[in-house]
Amino acid sequence: TGWGSKYPPVTPAGAWELMKAHNVDVQGKHVVVVGRSPIVGHPMAHMLREAGAMVSVSHTGVDKDTFQGLVGQADVVVTCAGSPGCVQADWLKDGAEVVNIGTTFCEKADALLSDVEGDIESKAVRYSPVPGGVGPLSIPMLFRNVANAAWEQQSSSTDKWEQSPATLR
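This report concerns the structure included in the present document. Just so we're clear, the structure is a prediction, and the values are computed from it rather than from any experiment. (Residues numbered from 1 in each chain as written. Predicted model: local features only at pLDDT ≥ 70, side-chain atom pairs only at ≥ 80, totals over all residues. Heavy atoms only, no water.)

So, about helix α1 (residues 10-21). If you check α1, its first and last C-alpha atoms are 16 Å apart, about what 12 residues at 1.5 Å a residue would give, namely 16 Å. Residues of α1 that are buried: P12, A13, G14, A15, W16, L18 and M19. In this fold, the buried residues of α1 make contact with α2 (41-50), β3 (76-79), β5 (96-100) and α4 (138-156). Note on α1: the residue one or two positions beyond its end, N23, has a positive phi of about 55 degrees. (Helix = DSSP H or I, 4+ residues; strand = E, 2+ residues; numbered from the N terminus. Expected span 1.5 Å × (residues − 1). Buried < 20%, exposed > 50% of the residue type's maximum accessible area, 1.4 Å probe, protein only. Contact = heavy atoms within 4.5 Å.)

Below you can see the structure in the form of structure tokens.
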């Protein structure tokens, strides 16, 4: 998707790649992004709009009934609030798809907690787990951005890189 930069923020890029790899169709679908941060929520909403989704952005400051209603109407819910349990699984529309980006480490529980609390499996047709869903994809997206930037810089340079690899002694 066109982010307006050749180097999209890595966490939303990872979530988007996960969605593409699992054929999560957002074209013409109602997608609710829960979270509005400039590094995850906003770029994620932008990427989804560029892909043809009808995007609503919500956050924990929204009236609970309004928030619950929005989540309950969504075909796809992308959580990235970093607020454990801000979305209750029973709010989800039957058959929704959930991309669960938001995680928070809780010292008391000694665990990584999700933005979604409850039995996601009973409502969602598919969902990304916490931990182990989107998080591990951020590093490869960072490497992709760095590699693309290096290739772009090299191809635009008039100097050719002709260094030989180091030799072992």
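A word on the packing of α1 against α2. Contact pair α1 / α2: the axes reach a minimum separation of 9 Å and the direction vectors enclose 35 degrees. Relative to α2, α1 is oriented so that their crossing is right-handed. From α1, P12, A13, A15, W16 and M19 reach across to α2, where they touch P43, M44, M47 and L48. Here the residues of the contact of α1 with α2 are counted per class, giving 9 nonpolar, no polar and no charged. (Axes fitted to C-alpha atoms, helices over the stretch in contact; angles between N-to-C directions. Left-handed = near helix turned anticlockwise from the far one by under 90°. Nonpolar A, V, L, I, M, F, W, Y, C, P; charged D, E, K, R; others polar.)

What follows covers the state of the cysteines. Within the structure shown, the criterion is met by 0 disulfides. Free cysteine: C80, not disulfide-bonded; nearest cysteine sulfur from C86 at 9.2 Å. (Disulfide = S-S within 2.5 Å.)

Per the counting criterion, the structure on display carries 1 aromatic pair. For the pair F67 and W91, a centre-to-centre distance of 5.6 Å together with 85 degrees between the ring planes defines the contact as edge-to-face. Taken together, the residues F67 in helix α3 (residues 64-73) and W91 in the loop between β4 (87-88) and β5 connect sequence positions 24 residues apart. Taken as a pair, F67 and W91 share a single burial class, namely buried. (Phe/Tyr/Trp six-rings, centres within 6.5 Å; stacked < 30°, edge-to-face > 60°.)

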